[in-house]
Amino acid sequence: MRVETLKIKNFRNIEEAKIVPCEEMNVFCGENAQGKTNILENIWLFTGAKSFRTSKDSEFLKFGTQKATTVMEFLSEGIKKTAKIEIEEKRKAFLNEKPLKSVSLLAGNFNAIVFSPSDLKLLNDGPQIRRKFMDTAIGQLYPSYIEILKKYQRAVIQRNKIIKDYKYDSTLSVMLDVFEKEISENGKKIVEFRKKYIEILNLFLPSLYSGLSLGKETLETEYICSFEGEDLEKKLLEQRKEDMFSGKTSVGPHRDDINFKINGISARNFGSQGQKRSVALSLKLAEAEVLKKESGESPVFLLDDVLSELDPGRQNFILNHIKGMQTFLTCCDPSNYKDLKAGKIFTVENGRVI
């Protein structure tokens, strides 16, 4: 997977830009609020996923304009493709000049992995952020997973609505049976996908973390299932009474988590900020390796402000040890990339790419 050209017009603070990147490391350097992250965000939208920064399409438009457009020429499995995204009130997508019914249908055509400062939440925040990481990663690999997840989430929402009224109307048990069966059927599939993903992730994650920590630490990762070894449909039935009081479904893959251990100790509870940053970064690097293994092609790697808080050894690992993968990286300080051995440097100033 490789971006050959990117043309941007009226996207956030970028009035117009044309970028021709190299095949390896592409560094976008400039002061804060000049537009560096906007470029990475623009590339990310071609995966068909939502922005890693905002949920409102209207925020993509440059102030005072009514429409933004971006066109990407890229290579996928050796075939040259062209994708276009138009943004007005909503996003519209085109692939090889043909309109798509939904922007999400770009998924599987262009694959990318993004790391941003917000990814530190993977270690600092609650289980929801880690589940989202898994679901987004698996969705890129297996688009069918997205529909399974949607069905599951809809069934959970319906069950939550019903259990609030169930204590007043026991005839609702028939409806609960229906939704609990759907939750169980799709929930088991979700857990199977997630466990398989973590298993493959663990083929790469320990060695990548070891490289970032210069061989001083080990990392273990495990999937924590809320109904391990139990029948989910039976467990939901058992939990009805308790769930009536909370108004929430207390068991299922929407309650699951991932546990990270550094040298056998919980990284979330006892890891330093530097260790947590390295775990999050290793996780993204491993995600890219999994995508390469499963799809047969390396994704594009997007690294936003990753170097600023890393020591020189870890900076060198990022700059010079990501091989066979086109990478786009942002930074503020030119000294951060002084040890770059091969790549291309772009200066970003007030929305202009030089």
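This text goes with the structure placed above it.
The following refers to the structure shown. Since this is a predicted model, take the numbers as computed values, not measurements.

Calculation criteria
Residues numbered from 1 in each chain as written. Predicted model: local features only at pLDDT ≥ 70, side-chain atom pairs only at ≥ 80, totals over all residues. Heavy atoms only, no water. 1 Å grid on protein atoms, 1.4 Å probe; cavity = no way out; pocket = protein on both sides within 12 Å on 5 of 7 lines; lining within 4 Å. Points joined across faces, edges and corners; volume = space filled by probe spheres on them. Helix = DSSP H or I, 4+ residues; strand = E, 2+ residues; numbered from the N terminus. Nonpolar A, V, L, I, M, F, W, Y, C, P; charged D, E, K, R; others polar. Disulfide = S-S within 2.5 Å. Buried < 20%, exposed > 50% of the residue type's maximum accessible area, 1.4 Å probe, protein only. Pairing = 2+ DSSP bridges. Phe/Tyr/Trp six-rings, centres within 6.5 Å; stacked < 30°, edge-to-face > 60°. Lys NZ or Arg CZ within 6 Å of the ring centre and 35° of its normal. Contact = heavy atoms within 4.5 Å.

Overview of the layout of surface pockets
Think of a ball as big as a water molecule: rolled over the atoms, this probe shows where empty space is left.
Reasoning step 1: Considering only enclosed or pocket space, the largest pocket measures out at about 1800 Å³ in volume.
Reasoning step 2: If you go around the largest pocket, you meet 50 residues; those closest to its centre are Lys 50, Lys 132, Asp 135, Thr 136 and Leu 149.
Reasoning step 3: Mapped onto the lining of the largest pocket, the elements with two or more residues apiece are α2 (121–124), α3 (127–141), α4 (143–166), α5 (173–201) and α9 (273–295).
Reasoning step 4: It is α4 that contributes the most residues to the lining of the largest pocket, 10 residues altogether.
Reasoning step 5: Within the lining of the largest pocket, the residues separate by chemical class into 18 nonpolar, 16 polar and 16 charged.

Things to note about the state of the cysteines
Reasoning step 1: A full pass over the atoms with the stated rule returns 0 disulfides.
Reasoning step 2: With no disulfide of its own, Cys 29 lies closest to Cys 331 among cysteine sulfurs, the gap being 3.9 Å.
Reasoning step 3: Classification of Cys 29 as buried rests on a relative accessible area of 7%.
Reasoning step 4: Residue Cys 331 is classed as buried on the basis of its relative accessible area, which comes to 3%.

Observations regarding the pairing of strand β1 (residues 2–11)
Reasoning step 1: Bridge count between β1 and strand β4 (residues 68–76): 7 bridges; the pairing is antiparallel. Within β4, the residue paired with Thr 5 across the bridge is Glu 73.
Reasoning step 2: Bridge count for β1 against strand β2 (residues 14–19) is 5 bridges, and the pairing is antiparallel. Residue Phe 11 lies in a different strand from β2, and its bridge partner there is Ile 14.

Focus on the sheet that holds strand β14 (residues 344–349)
Reasoning step 1: A sheet is described by the order of its strands in space; here 6 strands give the open sequence β8-β12-β13-β3-β14-β15, paired in mixed fashion. For this open sheet the edge positions go to β8 (112–115) and β15 (352–353), each flanked by a neighbour on one side alone.
Reasoning step 2: Relative to β14, strand β3 (residues 25–29) runs parallel, the two sharing 4 bridges. Bridge pairing in β14 links Val 27 to Ile 345.

Focus on the packing of aromatic side chains
Reasoning step 1: Using the criterion set out here, one finds 7 aromatic pairs in the structure.
Reasoning step 2: Here the aromatic rings of Tyr 145 and Phe 193 are separated by 5.1 Å at their centres, their planes lie at 65°, and the arrangement is edge-to-face. With Tyr 145 in helix α4 and Phe 193 in helix α5, the pair connects residues that are 48 residues apart, well separated along the chain.
Reasoning step 3: The class of Tyr 145 is buried, set by a relative accessible area of 0%.
Reasoning step 4: Within the aromatic cluster, the residues linked to one another by ring pairs are Phe 28, Phe 328 and Phe 346.
Reasoning step 5: A cation over a ring is seen here: Lys 84 above Phe 94, with NZ or CZ 5.0 Å from the ring centre.

Examining helix α10 (residues 312–320)
Reasoning step 1: Buried within α10 are the following residues: Arg 314, Gln 315, Phe 317, Ile 318, Leu 319 and Asn 320.
Reasoning step 2: In this structure, the buried side of α10 is in contact with β3, α6 (205–212), α9, β12 (300–304) and β13 (327–331).

Thoughts on unusual backbone geometry
Reasoning step 1: Within the chain, Leu 214 stands out as a residue other than glycine whose phi angle is a positive 60°.
Reasoning step 2: Along the chain, Leu 214 falls in the loop between α6 and β9 (219–224).
Reasoning step 3: Of the residues examined, Leu 214 reaches a relative accessible area of 51% and is grouped as exposed.
Reasoning step 4: Backbone geometry places Asp 305, a non-glycine residue, at a positive phi of 50°.

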